[in-house]
Amino acid sequence: MERLSDSDSGYYPDSHPLELDENSDVSKDTEERGVHDVQSQVVQAESSIKKRDLRNLPFVSVPETSKWNMERPHLTGRRLCQEKETNKAPHSKKDMSMRRMERVSHLDAYRPSVQELLIVEELLAAMVGIGGDYICVQKNQEHCYCFVFHVDPKLNHSLHELADRILPICENYMVVSQFAEERSHYDHGLTNHAFAAGLRAILQDYHAMVAQLEHQFRLSRLSLPGLWFFVQPMMGAMQCLSSVSQAAAMQSARGAVLLNLLHNQGIALAGDVAVRTLLQKLTHAASFPYFRILERWVYEGVIDDPFGEFLIEENKCLEKESLSQDYYATFWLKRYSLRKDIPEFLSSHAEIILTTGKYLNAIRECGQCLQGPSLEDLRVANFTSTRPYLERVNVAHRYASAELLNLIVNRFDLAGRLRSVKHYFFVDKGDFLVIFMDSAKDELAKRPAALSRERLQSLLELAIKTSVAASDPYHDDLTCIIENSTLLMQLEEFMHNGPATQSAQSETCNTGGVATGGLTGIDFFVLDYKWAGCVTHFMKVRWPTSLVLSRRALTKYQFIFRHLFHCKHVWRQLCASWQIHQIATRAYNITGTSLCRSYVVCQRMLHFIQSFEHYMTFEVLETNWDRLHSSLSGLNSVDEVMQQHESFLDSCLRQCMFFWPMIFEMNHRA
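**Q** Could you give an account of the overall build of the chain, naming the residues involved and the relevant values?
**A** A count of helical and extended segments in the chain gives 23 helices and six strands. Looking at the 670 residues of the chain, the share that counts as buried comes to 48%. Residue pairs at least 24 apart in sequence account for 76% of intrachain contacts in the chain once pairs closer than 6 positions are excluded.

**Q** Tell me about the nonpolar core, residues and numbers included.
**A** Ranked by internal contacts, the top residues of the largest apolar core, which has 86 residues, are M127, I169 and L227. The biggest single contributor to this core is helix α9 (residues 224–251), with 14 residues. When near neighbours in sequence (up to four residues on either side) are disregarded, I169 contacts M127, Y206, V231, M234, M235 and M238. Judged by nonpolar contacts, the second largest core, of 83 residues, contains L404, L451, L549 and L564.

**Q** Residue-level account of helix α10 (residues 256–268), with values.
**A** Compared with the 18 Å implied by 1.5 Å per residue over 13 residues, the 18 Å span of α10 between its first and last C-alpha is a close match. Along α10, the residues classified as buried are A256, L258, L259, N260, L261, L262, H263 and G266. Looking at the packing, one finds that the buried side of α10 touches α8 (189–218), α9 and α11 (273–300).

**Q** How would you sum up the environment of K316? Please name residues and give values.
**A** Tracing the backbone through its elements, the reader meets K316 in the loop between β3 (312–314) and α12 (331–334). Taking the C-alpha atoms as reference points, K316 and Y336, 20 residues apart in sequence, are found 8.9 Å from one another.

**Q** Account for the pattern of salt bridges, naming residues and giving values.
**A** Pairs may arise between side chains of opposite charge once their charged atoms sit close together. In this structure the tally under the stated criterion is 20 salt bridges. Among the salt bridges present, the one from K422 reaches D428, with a minimum N-O distance of 2.7 Å. One salt bridge connects K556 with D650, and the closest N-O pair in it is separated by 2.7 Å. Pair noted here: K556 is in helix α20 (residues 551–585) and D650 is in helix α22 (residues 638–655), with a separation of 94 residues, a long-range link.

**Q** Explain the pairing of strand β6 (residues 525–529) to me, using residue names and the numbers behind them.
**A** Two faces, one strand: in a regular strand the side chains alternate between the faces of the sheet. Across the five residues of β6, five count as buried, placing the element largely inside the fold. Across five bridges, the pairing between strand β5 (residues 478–482) and β6 is antiparallel. What sits directly across from T479, in β6, is D528.

**Q** Lay out the pairing of β5 with the relevant residues and their values.
**A** Burial within β5 is extensive, with five of its five residues counted as buried. A two-sided burial pattern is seen for β5, the buried positions comprising L478, C480 and I482 on one face and T479 and I481 on the other.

**Q** Break down the packing of aromatic side chains for me, with residues and values.
**A** Counted by the stated rule, this structure contains 22 aromatic pairs. Note on W332 and W543: the rings are 6.5 Å apart at their centroids and 55 degrees apart in plane angle, and the pair reads as tilted. Here the residue W332 occupies a position in helix α12, and W543 occupies one in the loop between β6 and α20, the gap between them amounting to 211 residues. In this structure W332 comes out as buried when scored by relative accessible area, which is 7%. Centroid distance F426 to Y557: 5.5 Å. Interplanar angle 40 degrees. Geometry classified as tilted. Pair noted here: F426 is in the loop between α15 (414–425) and α16 (431–439) and Y557 is in helix α20, with a separation of 131 residues, a long-range link. Per residue, the accessibility class of F426 equals that of Y557, and both read buried. Connected via pairs of aromatic rings, a cluster forms that spans F425, F426, F436, F525, Y557, F561, F565, W625 and F648. Over the ring of W332 we find K358; its NZ or CZ atom is 4.5 Å from the centre of that ring. It is K568 that lies over the ring of W571; its NZ or CZ is 5.3 Å from the centre.

The rules behind these values
Residues numbered from 1 in each chain as written. Predicted model: local features only at pLDDT ≥ 70, side-chain atom pairs only at ≥ 80, totals over all residues. Heavy atoms only, no water. Helix = DSSP H or I, 4+ residues; strand = E, 2+ residues; numbered from the N terminus. Buried < 20%, exposed > 50% of the residue type's maximum accessible area, 1.4 Å probe, protein only. Contact = heavy atoms within 4.5 Å. Core = buried A, V, L, I, M, F, W, Y, C linked by side-chain atoms within 4.5 Å. Expected span 1.5 Å × (residues − 1). Salt bridge = Lys/Arg side-chain N within 4 Å of Asp/Glu carboxyl O. Pairing = 2+ DSSP bridges. Phe/Tyr/Trp six-rings, centres within 6.5 Å; stacked < 30°, edge-to-face > 60°. Lys NZ or Arg CZ within 6 Å of the ring centre and 35° of its normal.

Keep in mind that these numbers describe shape and distance, not what the molecule does.
This is the structure in structure tokens:
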């Protein structure tokens with residue numbers, strides 16, 4: 001007897017499951033039934049395709065199924081997907097059975113030995129989904145993946161009992177074959193395509209086994225007990241495949257849901273070595289396209305996911321330019337985000353996978369070539385392994401994190417940029433501000449509507465070039481704008497709703513609906529940061545430095561500068577008042593007069609403003625800056641740099657009492 005485990009890759013039993021004699025009754029009956037089933041199958045197939053739910057794939061262009069796939073259902077296996085119908089009268093099925101009975105004798109008319117031969121032949125046909133004269137198949141109307149085979153009740157009792165034991169494998173085959181055929185369509189996604197291909201590979205071995213059994217039957221070497229003996233090893237596997245297929249169909253599983261289903265089934269059936277091995281192979285096959293997408297993401301920073309199955313979702317509506325324009329920009333957080341469904345064997349590293357690709361994508365956006373570590377295949381090996389693919393993901397993450405951090409810190413000189421921003425917004429090189437306030441005194445004394453941003457810009461550039469700030473390599477990137485609200489109004493809006501977006505700002509002060517009373521340009525003047533050659537006055541920091549120096553960060557720098565600038569203006573006013581006191585009282589004795597009391601108040605106010613400025617600049621800003629500068633060298637990723645920088649700014653605002661509105665307003669009005 002030939003080996004039953006050998007498979008013939010050139011055998012395709014989908015189209016020729018059995019070699020029947022042309023004159024046999026079974027061949028004629030099968031041909032007759034196939035003639036009037038084709039039309040109903042074509043109609044039903046077309047309607048099923050139109051009803052496919054593509055709502056989850058709004059961005060996918062799904063090709064249409066070829067016509068021959070519907071016109072030749074016996075060639076493709078679609079015959080298993082369609083319910084057999086007829087266009088005849090309501091009693092046509094009964095009439096057909098009566099005509100068949102005229103040609104087919106009852107089983108009880110034969111001896112048990114002949115009955116065995118007939119039932120073995122029909123069982124071999126039923127094992128590949130073909131009904132016969134004595135074994136018929138019915139499809140459950142309520143469950144599309146449920147088939148029931150029935151044996152002629154007139155069969156010998158012992159043979160009937162043995163045949164009933166074999167029928168479950170026929171029913172399981174029908175379920176698996178139908179599932180593999182339906183999940184091969186374009187709209188089910190790459191994971192389902194790969195899973196269906198794995199099922200077809202297993203079914204090919206199954207078909208080869210049936211072909212070998214049929215060959216033994218043709219040689220009169222196969223009995224019903226022998227058939228039961230040879231199909232037993234395959235019973236458990238087909239039952240498992242049928243259960244998985246039905247569960248996947250009920251859940252409409254695709255992508256991570258399908259992989260989790262296979263993974264959990266493999267763990268649940270870990271005690272059965274054969275079934276566990278089979279599920280491992282199927283999981284490996286189904287995860288192949290998923291890991292191809294994962295490899296491109298962690299090695300190149302590119303999402304190649306045409307069916308939306310990957311664990312990371314891309315929002316192409318968000319652009320990196322928004323970081324320099326919008327306070328509420330969510331590009332870095334929401335351009336790439338995790339989906340709800342994540343494969344369980346990747347869930348522990350989902351965040352690492354997300355950030356790895358984000359870092360590589362940021363490098364690609366800079367036009368840099370990626371020369372990463374050796375590109376090793378990422379595959380799920382088995383359920384009990386140490387999962388070496390996770391270690392490869394960790395290696396890719398360390399590389400991507402180091403490369404992006406090195407790019408920002410070294411090539412784009414992040415530390416130098418932060419120092420430049422600190423020089424101007426924290427006024428640690430204050431001589432440029434003194435020169436500017438002296439030269440722009442008349443312009444800043446004007447009402448907001450009369451201010452000229454161009455004139456203030458030219459005076460600011462002149463002040464920088466004539467001060468020690470001229471040694472700063474980025475001094476040309478400093479500019480100025482005129483806000484449309486005072487610091488108190490802007491802070492109040494920030495505390496309640498957050499600051500307005502840049503679209504609400506204007507180059508000239510627009511105070512419509514705002515009571516400006518005695519306010520002057522001092523209350524609306526703000527420094528801003530730009531890049532050389534920028535055509536607008538708004539901040540437009542080059543990528544990827546804009547991840548750290550974003551509009552959100554610069555807005556907080558502007559809060560601090562406006563407060564320091566106002567304090568410097570008050571200090572200058574108090575100094576001018578003190579000089580007037582000195583000149584006016586030099587020739588008079590003012591002891592005990594009201595002029596003496598005003599002189600004391602002026603001295604106290606001058607002392608307070610000097611102490612407050614000293615507190616903010618030396619005890620708050622410089623202390624927090626030193627802490628930030630020392631921590632930058634020990635950070636390992638851009639996310640840590642962003643978090644540390646954000647924490648630095650929040651600490652400065654909090655310690656400068658920006659988050660205490662009542663105290664801040666008292667100090668500001670003082």
